[in-house]
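What follows is the residue order along each chain.
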Amino acid sequence: MQFTDLKTQYGALKTSIDARIQRVLDHGQYIMGPEVRELEEALENYTGARHCITVASGTEALLIALMALELQPGDEVVTTPFTFAATAETIVLAGARPVFVDVEPDTCNIDVRLIGAAITPRTRAIMPVSLYGQVADLDEINAIAARHGLAVIEDAAQSFGALYKGRRSCALSTFGATSFFPSKPLGCYGDGGALFTDDERLARAAREIRVHGQSARYQHTRLGVGGRMDTLQCAVVLAKLERFDWELERRAAIGARYRARLEGLEQVTVRPDRNSVYAQYTVMVDDRETVQAALKAAGVPTAVHYPKPLHLQPAYAAYAADAAGRSPPGCPVSSRLAARVLSLPMSADLGAADQDRVVAALRTAVAAGAR
Ligand SMILES: *Cc1c(COP(=O)(O)O)cnc(C)c1O
């Protein structure tokens, strides 16, 4: 059993993927070839966002969004520490300070009730993370941002395709930033990502930043990066879009099956007004190391997203306190979750028999721990 089954997916899509890749090899436009704009149009239609800008990775999408906002040294961006490092890393790289706000214990997404207290005159943006594939409370976050004149960047690296009150992740705020890392819900065969916005001016800025800040060839209007997505990777995503809706249905069904069969165990909650695309299906257990070892012995691969919250990581220790140097408020919920979360095998092609093996092994391991 694989944690993420990309082989079966390739088998199902082989004809389309191979043909799409061959077409790129035939036309030879490896950088900014026709597939780049074709994918951007397909993703604009899919999400409902006015502009899609494909970029080199999810990390690059976050960085370019922050650069487009023209942050100044000392500016602050509110985010959560219970996420992949790229979220906070890009804030620092863009010249700002991450301000960590704790998460909800059941959804693991940012706790909107704590955002107000984290906002200062230096705050420029809020960067919620749609963790495990479920959008955070974006309506409330957008309302707070509107009151304070802030931008909102959704870190949607794990949530492409997710629905929030009938609208798609990535099209819910100033910017949506997603990743096509192979194991994400919509993945390519290397690194890739995309940025979404409805704002014409920000879209133009992001397109320029993606190519070294050029507004025309060798006209460097602003500071930029080498942030393009390869034509070949765009071709792979275009092929994968063919059965993406089917995959989301499968993920929803597999998620519902996990939820029912794991009843009585603590699991990440999905709010009724939205869904999860289950980038991860995550449960919370005590004595995780023992449970994980027992599952491994039973042939069930698992993963931990993430074992240490960013406010406790050496690279971000300087940001654990606020800018005024006041004692760190701490993020106790994130710290506790980091010790207990465990992600189970999940992909559109996970079969019922394998899923039953996961459930049985997990129940046995948890019962053994409780004894
Ligand atoms: C994967 C991920 C990223 C980074 O995406 P890459 O394409 O690997 O650069 C950023 N944020 C979160 C929450 C992620 O899961």
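Structure: above.
This structure is a prediction, so every number in the text was calculated from the model and none was measured. (Residues numbered from 1 in each chain as written. Predicted model: local features only at pLDDT ≥ 70, side-chain atom pairs only at ≥ 80, totals over all residues. Heavy atoms only, no water.)

Enquirer: So what exactly am I meant to see when it comes to the overall build of the protein chain here?
Expert: Each helix and strand counted, the protein chain has 12 helices and 14 strands in total. On C-alpha atoms alone, the protein chain measures out to a radius of gyration of 21 Å, which is about the 21 Å that the 2.2 N^0.38 rule sets for 371 residues. For the protein chain, the spread of C-alpha atoms along the principal axes amounts to about 70 × 60 × 35 Å. The 371 residues of the protein chain split such that 55% are buried. Pairs at least 24 apart in sequence give 71% of the contacts found in the protein chain among residues at least 6 apart. When the accessible area of the protein chain is evaluated, it comes to approximately 15,400 Å², of which 53% is carbon and sulfur surface. Across the protein chain, the 40 positively charged side chains and the 42 negatively charged ones have centroids separated by 2 Å. (Helix = DSSP H or I, 4+ residues; strand = E, 2+ residues; numbered from the N terminus. Rg over C-alpha atoms; globule rule 2.2 N^0.38 Å. Buried < 20%, exposed > 50% of the residue type's maximum accessible area, 1.4 Å probe, protein only. Contact = heavy atoms within 4.5 Å. Areas by Shrake-Rupley, 256 points an atom, 1.4 Å probe, with all protein chains shown as cover. Lys, Arg positive; Asp, Glu negative; His and termini not counted. Charge placed at Lys NZ, Arg CZ, Asp CG, Glu CD.)

Enquirer: Explain the pattern of salt bridges to me, please; I cannot follow it from the model alone.
Expert: Should the charged atoms of two oppositely charged side chains come close, the side chains can pair. Taken as a whole, this structure holds 25 salt bridges when the rule is applied. The closest approach of N and O atoms between Glu-104 and Arg-271, which form a salt bridge, is 3.2 Å. Here Arg-271 lies in the loop between β12 (266–267) and β13 (281–284) and Glu-104 lies in the loop between β3 (97–100) and α5 (115–118), a separation of 167 residues in the sequence. The network of salt bridges with shared partners includes Arg-37, Glu-40, Glu-41, Glu-44, Arg-207 and Arg-210. (Salt bridge = Lys/Arg side-chain N within 4 Å of Asp/Glu carboxyl O.)

Enquirer: Explain helix α7 (residues 200–210) to me, please; I cannot follow it from the model alone.
Expert: The α-helix advances 3.6 residues per turn, and as a result positions three or four apart in sequence lie on the same side. Those residues of α7 lying buried are Leu-202, Ala-203, Ala-205, Ala-206, Glu-208, Ile-209 and Arg-210. Looking at the buried residues of α7, the elements they touch are α2 (34–47), β1 (51–55), α3 (58–68), β8 (175–179), β9 (193–197) and β10 (214–216). Immediately beyond the C-terminal end of α7, within one or two residues, lies His-212, with a positive phi of roughly 60°.

Enquirer: Hey, could you run me through the packing of aromatic side chains in this one?
Expert: Working definition: an aromatic ring pair is given by the centre-to-centre distance plus the angle between the planes. Per the counting criterion, the structure on display carries 9 aromatic pairs. Taken together, the ring pairs in this structure connect Tyr-46, Phe-160, Phe-180, Phe-196 and Phe-244 into an aromatic cluster. (Phe/Tyr/Trp six-rings, centres within 6.5 Å; stacked < 30°, edge-to-face > 60°.)

Enquirer: Just checking my understanding: could you explain the site of the ligand for this structure?
Expert: The ligand sits among 16 residues. The nearest are Gly-58, Thr-59, Gln-158, Ser-179 and Lys-184. The separation between a nitrogen atom of the ligand and a polar side-chain atom of Asp-155 is 2.8 Å. When isolated, the ligand has an accessible area of 380 Å², and the protein chains bury 93% of it. Among the elements of the structure, α3 and α4 (86–93) are those that each provide at least two residues to the shell around the ligand. Partitioning the shell around the ligand into residue classes produces 6 nonpolar, 8 polar and 2 charged. (Near = heavy atom within 4 Å. Polar contact = N/O pair within 3.5 Å; in protein donor to acceptor, adjacent residues only side chain to side chain. Nonpolar A, V, L, I, M, F, W, Y, C, P; charged D, E, K, R; others polar.)

Enquirer: Just to check I follow, could you spell out the sheet that holds strand β5 (residues 151–155) for this structure?
Expert: Think of a sheet as strands paired side by side through backbone hydrogen bonds, with each pair either parallel or antiparallel. Spatially, the 7 strands line up as an open sheet ordered β1-β9-β8-β5-β4-β2-β3, and their pairing is mixed. The two strands at the open ends of the sheet, each matched to only one other strand, are β1 and β3. Taking the axes of each pair of neighbouring strands and ignoring which way they run, one obtains an average angle of 25° across the sheet. With 4 bridges joining them, strand β2 (residues 76–79) and β3 adopt parallel strand pairing. Looking at the pairing, Glu-76 lines up with Arg-97 of β3. Where α2 meets the sheet, it contacts β1 and β9, and its direction lies at approximately 130° from that of β1. (Pairing = 2+ DSSP bridges. Axes fitted to C-alpha atoms, helices over the stretch in contact; angles between N-to-C directions.)

Enquirer: Help me understand the side chain of Thr-123, please; the structure alone is not making it clear to me.
Expert: Mapped onto the fold, Thr-123 is located in strand β4 (residues 123–127). In this structure Thr-123 comes out as buried when scored by relative accessible area, which is 5%. When neighbours within four sequence positions are excluded, Thr-123 is seen to be in contact with Glu-76, Val-78, Ala-118 and Leu-150.

Enquirer: Looking at this structure, I do not really get a nonpolar patch on the surface. What am I missing?
Expert: Where nonpolar side chains cluster on the molecular surface, the patch consists of Leu-25, Tyr-30, Ile-31 and Met-32 and spans about 360 Å² of accessible area. Structurally, Ile-31 can be placed in the loop between α1 (6–27) and α2. Residue Ile-31 is classed as partly exposed on the basis of its relative accessible area, which comes to 47%. (Patch = residues over 30% accessible without salt bridge, like charges linked within 9 Å, V, L, I, M, F, W, Y side chains within 5 Å.)

Enquirer: What's the story with the packing of helix α9 (residues 244–261) against helix α12 (residues 352–370) in this structure? I'm lost.
Expert: The axes of two packed helices give the description: the angle between them and the distance between them. Relative orientation of the contacting elements α9 and α12 amounts to 30°, with a least axis distance of 11 Å. Relative to α12, the element α9 lies roughly parallel. For α9 against α12, the interelement crossing comes out right-handed. When α9 is examined against α12, the residues Ile-254, Arg-257, Tyr-258 and Arg-261 are found in contact with a partner set consisting of Ala-352, Gln-355, Asp-356, Val-358, Val-359 and Arg-363. Residue composition of the contact of α9 with α12, by class: 5 nonpolar, 1 polar and 4 charged. (Parallel < 35°, antiparallel > 145°, perpendicular 65-115°, else oblique. Left-handed = near helix turned anticlockwise from the far one by under 90°.)

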